[in-house]
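Residues per chain, in single letters:
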Amino acid sequence: MDPLLHFLAQVWFVILALFLFLYVMLDGFDLGVGILSLTSSNEERRTLLMTSLGNIWDANETWLVLMGGALFGAFPLAYGTILNALYIPIFMMIFGLIFRAVAFEFREQANNKFFWNFAFGIGSLLAALGQGFALGTVIQGIKVDAMGHFIGSTWDWLNWRNLLVALTLIQGYVLIGSTYLILKTEGELQITHYRTAKLAAITTLLGAIIITITTPIFYESLRERLFTAPLVYIFGAIPILGLLLVWLLIQSLNQREERTPLVWTILIFLLSFIGLGLIVFPYIIPTDITIYQAAAAPSALVFMLVFVGFLIPVMLFYNIYNYVVFRGKVVNHEEGY
């Protein structure tokens, strides 16, 4: 194998993982807040939730667009096969994102906000559900022929194991959304999200435990990897670290800390991504097509790398600047929330 292609394929695998992590972390609390808006007890509280996202939610979704473009350019075979296999979950996600975006803008101008409030929450839930089904399908593997083309059924993604992954991801989004709202709100609304964060932490943990136990049972190819040295030691350590982080998160919630719950939640997401990346690598279409087989020509990878090398710092700077400018509490002084 060409050493340059080998190296570049690994670099782009890491870049795609970075884009995906940044999207899930940033748009994750965005979607979580949207899902939580469905449970808000009155319009004033729901307005505060929406206001907390008003100046940042557009930038969060940029990472998803960038990841899709990078996948198309760096691994075109994987792009075509994955979209073919996950057509319905991806359509579900895109429809949910569009639906919530329209609802967010129309709600500001509407006299009766009930429909648009509901549309924003349902759109957030639908987008998270589609992402969860897609993640579960990637874990279980995609059926392809010798050329890497999808040969499975349109409904291969729909089973109880993928549904479990989807529900766990939704709870994870509710968790990070709750910890974000703890940071952005105060008073009774903040206390409410201390409770929702603790409940979401427990349900996410339970879902993660079930997935961790059932994955090696139902997927033989993953079982062989998980129980082979040295990965067996790594995958033995990840659940222990995960339990420690969840314990630290719950402790911080019990002590009514404001910033650390979000920090622990981000670390939980990061640990989960590291574990997922180690499970998948070096496959881009588990468990048949590797990143080396699906990679584009080295010249294309180098050209894109130069472009992305300029783009990533700019986007990171913009995101950080955005959060710094709009830091602080979201407060409705008239209503006292």
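Residues numbered from 1 in each chain as written. Predicted model: local features only at pLDDT ≥ 70, side-chain atom pairs only at ≥ 80, totals over all residues. Heavy atoms only, no water.

1. Points about the overall build of the protein chain
Along its length, the protein chain carries 14 helices and two strands. Scaling as 2.2 N^0.38, a compact globule of 337 residues should have a C-alpha radius of gyration of about 20 Å, and the protein chain matches this with 20 Å. Dimensions along the principal axes, computed over C-alpha positions, put the protein chain at roughly 65 × 40 × 35 Å. Across the 337 residues in the protein chain, those meeting the buried criterion constitute 48%. Once local pairs closer than 6 in sequence are excluded, the contacts in the protein chain between residues at least 24 apart make up 80%. Measuring between centres, the 16 positive side-chain charges of the protein chain sit 7 Å from its 20 negative side-chain charges. (Helix = DSSP H or I, 4+ residues; strand = E, 2+ residues; numbered from the N terminus. Rg over C-alpha atoms; globule rule 2.2 N^0.38 Å. Buried < 20%, exposed > 50% of the residue type's maximum accessible area, 1.4 Å probe, protein only. Contact = heavy atoms within 4.5 Å. Lys, Arg positive; Asp, Glu negative; His and termini not counted. Charge placed at Lys NZ, Arg CZ, Asp CG, Glu CD.)

2. Topic: the environment of threonine 39
Structurally, threonine 39 is set in the loop between α1 (3–37) and α2 (43–53). Look at threonine 39 and you get exposed, because its relative accessible area is 60%. Placed 82 residues apart in sequence, threonine 39 and glycine 121 show a C-alpha to C-alpha distance of 9.1 Å. Here leucine 36 takes part through its backbone oxygen, which lies 2.7 Å from a polar atom of the side chain of threonine 39. (Polar contact = N/O pair within 3.5 Å; in protein donor to acceptor, adjacent residues only side chain to side chain.)

3. Looking at unusual backbone geometry
In the segment running from phenylalanine 281 into proline 282, the intervening peptide bond is cis, with an omega of 5 degrees. Unlike most non-glycine residues, arginine 256 shows phi in positive territory, near 60 degrees. Among the structural elements, arginine 256 can be located in the loop between α11 (231–254) and α12 (260–280).

4. Quick notes on the layout of surface pockets
Using a probe with the size of a water molecule, rolled over the atoms, empty space left in the structure can be pinpointed. Taken as a whole, the second largest pocket holds about 750 Å³ of empty space. Lining the second largest pocket are 30 residues, and of these Tyr180, Leu183, Lys184, Leu262 and Tyr323 sit closest to its centre. Mapped by element, the contributors of at least two residues to the lining of the second largest pocket are α1, α2, α8 (160–184), α12 and α14 (298–325). If you tally residues by element for the lining of the second largest pocket, the top one is α14, at six residues. Per-class residue counts for the lining of the second largest pocket are 18 nonpolar, seven polar and five charged. (1 Å grid on protein atoms, 1.4 Å probe; cavity = no way out; pocket = protein on both sides within 12 Å on 5 of 7 lines; lining within 4 Å. Points joined across faces, edges and corners; volume = space filled by probe spheres on them. Nonpolar A, V, L, I, M, F, W, Y, C, P; charged D, E, K, R; others polar.)

5. Section: the nonpolar core
If you look at the biggest cluster of nonpolar residues, it comprises 98 residues, and the most contacted ones within it are Trp12, Phe19, Phe75 and Ile284. Not counting the four nearest positions on each side in its chain, isoleucine 284 is found in contact with Leu71, Phe75, Ala78, Ile82, Ile289, Thr290, Ile291 and Ala294. (Core = buried A, V, L, I, M, F, W, Y, C linked by side-chain atoms within 4.5 Å.)

6. Brief notes about the pattern of salt bridges
For the structure on display, the rule yields two salt bridges. Between aspartate 30 and arginine 100 there is a salt bridge; the shortest N-O distance is 2.6 Å. Linking aspartate 30 in helix α1 with arginine 100 in helix α6 (residues 87–109), this pair joins segments that are 70 residues apart in sequence. Of the residues examined, aspartate 30 reaches a relative accessible area of 0% and is grouped as buried. Judged by relative accessible area, which is 0%, arginine 100 ranks as buried. (Salt bridge = Lys/Arg side-chain N within 4 Å of Asp/Glu carboxyl O.)

7. What to know about the environment of phenylalanine 133
The topology assignment puts phenylalanine 133 in helix α7 (residues 114–140). Classification of phenylalanine 133 by relative accessible area gives buried; the value is 4%. Here the alpha-carbon distance between phenylalanine 133 and glycine 80, two residues 53 residues apart in the chain, equals 18 Å. Excluding anything up to four places from it in sequence, phenylalanine 133 contacts Pro89, Trp157, Leu158, Asn159, Asn162, Leu163 and Ala166.

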